[in-house]
Amino acid sequence: MFSKAYSAVIHGIDGLIVSVEADVSDGLPLFDMVGLLNSEVREARERVRIALKNSGYMLPAKRITVNLSPADIRKEGTAFDLPVAVAILTAFGHILEDNLKDTLIIGELSLNGNIKKVNGVLPLVYAAKQQGFLRCIVPKDNANEGAVVSGIKVYGVGSIKEAVELLNDIESYEPNTVDIGKLFEGSANDEDVDFSEVVGQAALKRAIEIAVSGMHNILMIGPPGSGKTMLAKRIPTIMPELLFEESMEISKIYSIAGLLDNRALITGRPFRSPHHSITCTALVGGGTIPKPGEISLAHLGVLFLDELPEFNKNTIEVLRQPLEEKAVTIARLNATYRYPAGFMLVASMNPCSCGYFPDRNRCGCSVNMVKRYLGKISKPLLDRFDICIEALQIDYQELQSREKEETSADIRKRVYNARKIQMERYAGQGIWFNCQLSPKNIIKYCRLDSKEKNLLEQAFVKMNLSARAYHRILKVARTIADLDMSEKITAKHISEAICYRSIDGKYWGDWR
Amino acid sequence: MNKDNRQELYKLWIGSIPIKAYKIKAIIEYFGSPEDAYYASDHAMEEMMRTLNNEGIRFTKRNLDAVLLRKDLGMVKKNMEYIQKQSIKYLTMLDESYPGKLRNIYDPPFLLYYKGVPLPDDKRVISIVGARECSVYGRETAKYLAGALANEGIVIISGLARGIDSYAHIGALAAEGVTYGIMGCGIDICYPVENINLYMDMQANGGIISEYGPGVNPLAYHFPMRNRIISALSDGIVVIEAKEKSGSLITVDLGLEQGKNIYAVPGRITDKLSAGCNNLIKMGAKPVTSPQDILEDFPGYDSIMQKVSSQPDQIKLTGLLSSEEQAVYDIIDLSPKHIEELICLTGFEMGKLMEYLLSLELKDLIYQPVKNRYTRNVKLFT
């Protein structure tokens, strides 16, 4: 008696279909599982045997062999318990074999026969839909998460008994559904922070608005208590709301990382702010069983590195490649995984180790000490910040002022418009934002008139700028012009972009 | 080797003995010349020690050991060759050209090394000293005052340290004036290293002066010692920024002992960096708000006083700036202002403000000492 059920395994952020074959034959009573299994999958044998017994199914004394194929891919995770149980029950004739053909089954078993939730349901269901499966059986707790995928029926089950009943009479059950529109509606209200809570800091806010509009990486420098962290936390509130496809992509990553927490989808922009003691692996992802790191969890959102110089130097250097590629590739002996990492990097730091430079009443750091502090960040990394701005300490009067500050919603509108312009301009070119412009594209899209060209040239000579800085200024100027709804880049836009250019040592305590 | 050169060798030998100048002079007086002192037997040396002690000059056994230890003409020759190769020159108290001002202080150096042009005797000398970790205000004031004074033919001396010292030299050089750096380390060592350009440039019209021979490291106790040379060589001492307890105040104390004019640049009462200067003013130092305040104290310079503008920034800008640019420029002063403050003060929107700021920056009227903070560029000689 042979039977075959289908399940899937996570590979990177995608699901790979795995067929679960069970064979029951005469011979010494034995329950064996093969197919390059990790130890947690091998342990499924005990869980399945006892869960079946406790669900009222007695296994006859036969020789049972289960094979998970393709046999050359390592199987990991606990999602194979249920498909193995179903395959065995089918082999013994408890379930009609016809119904297994187009069904993907995922679930972990408890010894009493209950089905527990697993990680990565969303990408697995998504993969099933892509492969043409008609329905998925998932743990009840993961049902909402799976139901988000349209074009495939998703059924949540709570125990083996339920699963058997469902499979034998599939037509009379209704699949789980999720109202996606409602999910997104709710998301707008649950942001409890707003830009208007930050008093003053007009320059800093403006720089952040520009950075968000063009997805430019931004570095904020300022004394403690100048509101850098507070503003960074509010950046997601001015980013455009997530589109369904974007939400799907983020949710897939969160699903694999097990961070979905009963939510069907991630509907808000991610904001990740790892502590500076973070390791390389935790930041970019990896481990013997690769998991997405913070940079992937911040995909389409914000990765905030507070106190940048305090991070381990090697740790932040690994960001360089993902920042360019917008993805991270992790190679392991048996597979290569690629996780998306299209995040906006926001970093903050103090100007010196005491934090108050250039306020000489409070800072006693020598010029060399200040330079050494900045030197903790490598030049190549600094080069990846398109925008760099110094924050000013807010004084008491300003905190008291009752002036009305702009709300996140107002700023978001402008950001949305600027992004729309970019989307239209770059449609079909594989780039979405100004920050992604290559030098060739810069010539094409950041054309300057002779007057503006002249201005930039003067500044270039005067400020001793590098070619790299030149390109960055043009990219940022393009974004500022987009925010201004201006087709042409004018002197005003260039001037402002020059003001945000990255620090280059020369402007840091070198007072010559 | 002719006779003169031999004499020089013995002078260099006796000058490089690390004992007080008056003791060296006493040895020379006792023996008649450095050469005779060199060839005196150990017995004669001991005899000399006894005689000097009887005369009331405290000449210890350790002093004698120091003299005997250096008696190595081969070594002295080597030093002489090195000095000549490095174009280092020196003066001893036996030379006529040894600066008179220095000769008369308590504990003058017997031997003075220098590079560059000899210190002119007929010119007024003003020293400008102050904090190493200075503010932009101190920096600009130093450059301005040094430039204005140097422009009138006054020699600017300072210690070639970081901060105010460097900016005083820079200001004087910018005005194509004469400036000397008095070092607290060997004459051939540039300390701090980042001042190497200054170190080289100053030698064209001015020079470097040190009482320490080649290869002597910059040790902490050398610096108060070199301050006595700075104060002695100068006719007036200007303190630009000094904290309440500052090394610059040592120079001032020495200067007071030597009867020099003391000038202090006042600062805001809340600035820690100006506390020392303000205290000096309280105690009677002359507050300096313009170069005239210094020039008027020296006969011969008061007539050309009028040429120097009384304010650092009184250049006529009419026609050069638009009214908005002028408005922005008027707000910016010598204490760096952040764009945030400028937005509040001018009321311009960010983009426009940046446009004016960049335009002013390109016209060399303002600059950013620290990113996103703007300060005036003090211009004098346009």
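It should be emphasised that the depicted structure is a prediction, and the values quoted were computed from it without experimental measurement.

Asker: Explain the overall build of chain A here, please?
Answerer: Within chain A one finds 23 helices and 18 strands. Taken along the three principal axes of its C-alpha coordinates, chain A extends 90 × 50 × 40 Å. Residues counted as buried form 48% of the 512 residues belonging to chain A. Considering only contacts in chain A between residues 6 or more positions apart, those separated by 24 or more positions represent 74%.

Asker: How do you make sense of the packing of helix H22 (residues 467-483) of chain A against helix H23 (residues 491-499) of chain A when you look at a structure like this?
Answerer: Residue and element names in this part refer to chain A. The interhelical angle for the contact between H22 and H23, taken along N-to-C directions, is 125°, at an axis separation of 8 Å. Judged on the interaxial angle alone, H23 and H22 are oblique. Note that H22 runs across H23; the crossing there is right-handed. Across the interface between the two elements, Ile473, Val476, Ala477, Ile480 and Ala481 from H22 touch His493, Ile494, Glu496, Ala497 and Ile498 from H23. Residue composition of the contact of H22 with H23, by class: eight nonpolar, one polar and one charged.

Asker: Help me out: how do you make sense of the sheet that holds strand S2 (residues 111-116) of chain B in this one?
Answerer: Sheet strands pair by backbone hydrogen bonding; their relative direction is either parallel or antiparallel. Residue and element names in this part refer to chain B. With respect to topology, nine strands assemble into an open sheet ordered S1-S2-S6-S5-S4-S3-S7-S8-S9, the strand pairing being mixed. In the strand order of this sheet, the two ends are held by strand S1 (89-92) and strand S9 (286-287), each with one partner. Pairing geometry for strand S5 (residues 179-182) and strand S6 (residues 207-210), over three bridges, is parallel. Within S6, the position partnered with Gly181 by the bridge is Ile208. Against the sheet, helix H8 (residues 136-151) contacts strand S3 (125-129), strand S4 (155-158), S5 and strand S7 (236-239), and its axis sits at roughly 175° relative to S3. The strands touched by helix H12 (residues 248-257) within the sheet are S3, S7 and strand S8 (261-264), with S7 carrying the most contacts at an inclination of about 155°.

Asker: Just to check I follow, could you spell out the interface of chain A and chain B for this structure?
Answerer: When the parts of a complex come together, some accessible area is lost, and that lost area is often used as the size of the interface. With 28 residues of chain A in contact, the opposing surface of chain B contributes 26 residues. Elements that contribute at least two residues to the side of chain A that touches chain B include exactly helix H8 (202-214), strand S18 (387-390), helix H21 (450-462) and H23 of chain A. In terms of residue count, the dominant contributor to the side of chain A that touches chain B is H23 of chain A (seven residues). Across the side of chain A that touches chain B, the residue classes break down as 14 nonpolar, eight polar and six charged.

Asker: How should I be thinking about the environment of Val148 of chain A in this particular structure?
Answerer: All names here are of chain A. Within the secondary structure, Val148 is located in the loop between helix H5 (143-147) and strand S9 (153-157). Residue Val148 is classed as buried on the basis of its C-beta count, with 23 C-beta atoms lying within 10 Å. Sequence separation between Val148 and Cys363 is 215 residues, and the spatial gap between their C-alpha atoms is 55 Å. With sequence-adjacent residues up to four places away left out, Val148 is seen in contact with Leu122, Val178, Ile180, Ala264 and Leu265.

Asker: In this structure, what is going on with the nonpolar core? I would like to understand it.
Answerer: The nonpolar side chains of a soluble globular protein tend to be buried, and buried together. Residues Ala85 and Val125 of chain A are the most contacted members of the largest nonpolar core, which totals 158 residues. For Val125 of chain A, the residues in contact, after removing those within four places along its chain, are Cys136, Val138, Gly146, Val149, Ile152 and Val154 of chain A. In this structure, Tyr113, Val178, Ile182 and Leu233 of chain B belong to the second largest nonpolar core, which totals 78 residues.

Asker: Any chance you could explain unusual backbone geometry here in plain terms?
Answerer: Note on backbone geometry: most residues besides glycine have negative phi, and most peptide bonds are trans. All names here are of chain A. Residue Ser69 is joined to Pro70 through a cis peptide bond whose omega torsion reads 5°. Positionally, Pro70 belongs in the loop between strand S4 (63-69) and helix H3 (81-91). Cis peptide bonds are those with omega within 30 degrees of zero, and the linkage from Phe357 to Pro358 qualifies with 5°. Residue position: Pro358 is located in the loop between strand S17 (344-349) and helix H16 (367-374).

Asker: Which parts of the structure should I look at to understand the domain arrangement of chain B?
Answerer: Domain boundaries in chain B define domain 1 (3-80), domain 2 (125-307) and domain 3 (323-376). Once you take the C-alpha centre of each, domain 2 of chain B and domain 3 of chain B turn out to be 30 Å apart.

Asker: Hey, could you run me through the environment of Met239 of chain A in this one?
Answerer: Residue and element names in this part refer to chain A. Tracing the sequence through the fold places Met239 in the loop between helix H10 (235-238) and helix H11 (244-257). Accessibility expressed as a C-beta count within 10 Å gives 23 for Met239, which makes it buried. For the pair Met239 and Ala331, spaced 92 residues apart in sequence, the C-alpha to C-alpha distance is 32 Å. When residues no more than four places from it in sequence are discounted, the contact partners of Met239 are Val212, Arg269 and Val415.

Asker: Looking at this structure, how should I read the domain arrangement of chain A?
Answerer: Residue and element names in this part refer to chain A. Partitioning chain A into structural domains gives domain 1 (2-172) and domain 2 (187-427). Placing the centre of domain 1 and that of domain 2 at their C-alpha centroids yields a distance of 41 Å. Counting only elements with at least two residues in the side of domain 1 that touches domain 2, the list comes to strand S1 (2-11), helix H4 (121-130) and H5. Among the elements that make up the side of domain 1 that touches domain 2, the one with the highest residue count is H4 (four residues). Residue classes in the side of domain 1 that touches domain 2 are distributed as eight nonpolar, five polar and four charged.

Asker: Teacher, can you tell me more about the pairing of S6 of chain B here?
Answerer: Consecutive side chains of a regular strand alternate in pointing toward one face of the sheet and then the other. Residues and elements named next belong to chain B. The two faces of S6 match: Gly207 and Ile209 on one face and Ile208 and Ser210 on the other face are all buried. Where S2 lies against S6, four bridges are found, and the strand directions are antiparallel. Directly across from Tyr113, in S6, lies its bridge partner Ser210. Handedness of the S5-helix H10 (residues 196-201)-S6 crossover: right-handed.

Each value, and the rule that gives it
Chains are numbered independently. Their residues run from 1 in the order of the written sequence. A letter from A marks each chain and a number from 1 marks each ligand, given out in the order of writing. Local features in a predicted model are, by the rule used here, given only for residues with pLDDT of at least 70; side-chain atom pairs are given and counted only at 80 or more, and totals for whole chains, interfaces and linings are based on all residues. Each helix is a run of H or I in the DSSP string that is no shorter than four residues. Each strand is a run of E no shorter than two, and both are numbered from the N terminus. Backbone-placed C-beta atoms define the burial measure: a residue is buried with 20 or more other C-beta atoms within 10 Å of its own, exposed with 12 or fewer, and partly exposed in between. It is the C-beta atoms, placed from the backbone, that decide contacts: two residues are in contact if theirs lie within 7 Å. Fitting a line to C-alpha atoms yields each axis, with helices limited to the stretch in contact; the angle taken between N-to-C directions then spans 0 to 180 degrees. Oblique is the label for every angle not falling under 35 degrees (roughly parallel), over 145 degrees (roughly antiparallel), or within 65 to 115 degrees (roughly perpendicular). Definitions for this section: a left-handed crossing has its near helix turned counterclockwise from the far helix by less than a right angle. A right-handed crossing has that turn clockwise. The nonpolar class holds Ala, Val, Leu, Ile, Met, Phe, Trp, Tyr, Cys and Pro. Asp, Glu, Lys and Arg form the charged class, and all remaining residues, Gly among them, are polar. Strand pairing is assigned whenever DSSP identifies at least 2 bridges connecting the two strands. By definition, a nonpolar core groups buried Ala, Val, Leu, Ile, Met, Phe, Trp, Tyr and Cys residues that are joined through C-beta atoms within 7 Å. In this entry, domain limits derive from an automatic or database-based domain assignment. Handedness rule for crossovers: strands pointing away from the viewer, path from the first strand over the helix to the second running clockwise, crossover right-handed.

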